[in-house]
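# Structure assessment
If you want the building blocks of each chain, they are given just below.
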Amino acid sequence: MKCYCYETDSEFIFCVEGVENAQLEDTIKKMAWEKIDDKFIMSYQQRAFSSQSEKELIRDNFVRLGQTMFESPLVGFNWEKPLDLVAQKFATNGIEWYIVGSVCDTVRGVDIKPFDIDIVVHTKDFHKAKDICYSSFADTIIAPFVNIQGMFAQQPLRCFGRMFLSGVLVEIAADEIWNIETRQLECENPYWRNYGYKHAEYVKTAWRGYDLYLESLQHRYQIEVARNRTDRIKAIKEYMNRT
């Protein structure tokens, strides 16, 4: 596999070629890469980057880490170390943050293998979170932290960035749809209607001395039902029966 970047006048393009098996192809597609002929492409507008040095940093990181990043969900990884690193930095700097996706289940003790670590911060904290990640984890940034509003149909998130931290893909997103005080979803964006909107709230959980806010288990269950992920549905049901 070869991971590299190239540029046009208007775009900075990440490219992967030489993918040799269908399972790995599925993993790359799941990360929102577009397959064009025999290559996988992800592009950003040039204005997504603040400087030439940022482009060079991300290009070097992607070339160095890209293949391992794509393979990591297939071989398994330790999600606790990168989560601990992020929790430490965000807690120290007073950033309001939440965990969404499959890591919510593994933190609780559901027997599944997470695909990545998905973190959401409020838009007011996104640039602060970006600065922390760039200063503390610069050698792991594999996509720019950028405003993505309007880039994807019905996408409720405002901002987005990616790291490959301690062998795990970590995605930092930002939006304004969660009420910080009530920990509940307030925006009835059509995107959420198929994903258990009425169960959408965050629940505080103690983990390694940190207060983590996780999507409610019922919300997670509704999401997996909507996506017809039978293995995860079964694992969540088994966990519910044990607790």
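Parameters and conventions
Counting of residues starts from 1 at the beginning of each chain's written sequence and follows it residue by residue. Thresholds applied to this predicted model are a pLDDT of at least 70 for local features of residues and 80 or more for the giving and counting of side-chain atom pairs; totals over whole chains, interfaces and linings are not thresholded and use all residues. Processing note: side-chain calculations cover all non-hydrogen atoms of the structure and skip hydrogens and water entirely. Predictor confidence is given residue by residue as pLDDT, running from a minimum of 0 to a maximum of 100. When checking whether two residues touch, look at their non-hydrogen atoms; a contact exists if any pair is within 4.5 Å. Only C-alpha atoms enter the line fits that serve as axes; for helices the fit covers just the stretch in contact. Angles between N-to-C directions range over 0 to 180 degrees. Going along the chain from the N terminus, every DSSP run of H or I of four or more residues is numbered as a helix, and every run of E of two or more is numbered as a strand. Working rule for angles: under 35 degrees goes down as roughly parallel, over 145 as roughly antiparallel, 65 to 115 as roughly perpendicular, anything else as oblique. Should the near helix be turned anticlockwise from the far one by less than a right angle, the crossing is termed left-handed; should it be turned clockwise, right-handed. Summary of the burial criterion: residues with accessible area below 20% of their type's maximum are buried, those above 50% are exposed, and those between are partly exposed, where the area comes from a 1.4 Å probe applied to protein chains only. Strand pairing requires that DSSP identify at least two bridges connecting the strands. Between rings of Phe, Tyr and Trp, where Trp is taken as its six-membered ring, a pair exists when centres lie within 6.5 Å; planes separated by under 30 degrees are stacked, by over 60 edge-to-face, and by other angles tilted. The criterion for a charge sitting over a ring is simple: Lys NZ or Arg CZ within 6 Å of the ring centre, and within 35 degrees of the ring normal. Put simply, a salt bridge is a Lys or Arg side-chain nitrogen that is within 4 Å of an Asp or Glu carboxyl oxygen.

### Regarding the confidence of the model for the protein
On average, residues of the protein carry a pLDDT of 87, and 85% of them reach 70 or more. Counted against residues more than four places away or in other chains, residues 150-155, with its pLDDT under 50, gives four contacts. For residues 189-197, every residue scores under 50 in pLDDT, and the model assigns this stretch 25 contacts once sequence neighbours within four places are set aside.

### Side note on the packing of helix H6 (residues 217-226) against helix H7 (residues 230-242)
At a minimum axis separation of 9 Å, H6 and H7 run at an interaxial angle of 155 degrees. When the axes of H6 and H7 are compared, the pair comes out roughly antiparallel. For the element pair H6 and H7, the recorded crossing hand is left-handed. Two secondary-structure elements touch here, H6 through Leu217, Gln218, Arg220, Tyr221, Glu224 and Val225 and H7 through Arg232, Ile233, Ile236, Lys237, Tyr239 and Met240.

### Observations concerning the environment of Asp175
Inspection of the secondary structure assignment puts Asp175 in strand S9 (residues 168-175). We classify Asp175 as buried; its relative accessible area is 2%. A sequence separation of 54 residues divides Asp175 from Val121, and the C-alpha atoms of the two residues are 6.9 Å apart.

### Observations regarding the side chain of Arg220
Summarising the element assignment, Arg220 is placed in helix H6. Discounting chain neighbours no more than four positions away, the residues touching Arg220 are Gly101, Ser102, Cys104, Asp105, Arg108, Glu215, Arg232 and Ile236.

### What to know about the sheet that holds strand S1 (residues 2-7)
Here four strands make up an open sheet; going across it, the order is S1-S2-S4-S3 and the pairing antiparallel. The open sheet has two edge strands, S1 and strand S3 (34-36), and neither has a second partner. Averaged over neighbouring strand pairs, the angle between their axes works out to 30 degrees when direction is ignored. Where S3 and strand S4 (residues 39-45) come together, three bridges link them in antiparallel fashion. Within the sheet, the bridge partner assigned to Lys35 lies in S4 and is Phe40.

### A closer look at unusual backbone geometry
In this structure, Ala32 is a non-glycine residue whose phi angle is positive, near 75 degrees. Tracing the backbone shows Ala32 in the loop between helix H1 (22-30) and S3. According to the relative accessible area criterion, Ala32 is exposed, its value standing at 53%. Phi angles above zero are rare outside glycine, and Asn228 is one such case at about 60 degrees. Mapped onto the fold, Asn228 is located in the loop between H6 and H7. On the accessibility criterion, Asn228 (58% relative accessible area) is exposed.

### Points about the packing of aromatic side chains
Applying the stated rule across the entire model yields 15 aromatic pairs. One aromatic cluster is present, built from ring pairs that chain together Phe12, Phe14, Trp33, Tyr44, Phe49, Phe62 and Phe70. Geometry around Tyr4 places Lys2 over its ring, the cationic atom sitting 5.1 Å from the centre. Sitting above the plane of the Tyr134 ring, Lys130 keeps its charged end 5.5 Å from the centroid.

### Considering the pattern of salt bridges
For the coordinates displayed, the defined rule picks out twelve salt bridges. Of the charged contacts in the structure, one is a salt bridge between Glu7 and Lys55, with a shortest N-O distance of 2.9 Å. On the criterion of sequence distance, the pair formed by Glu7 in strand S1 and Lys55 in helix H2 (residues 52-75) is long-range, its members being 48 residues apart. Among the ionic pairs, Glu224 bridges to Arg220, the shortest N-O distance being 2.5 Å. Residue Glu224 and its partner Arg220 are both found in helix H6; the two are separated by four residues, about one turn of the helix.

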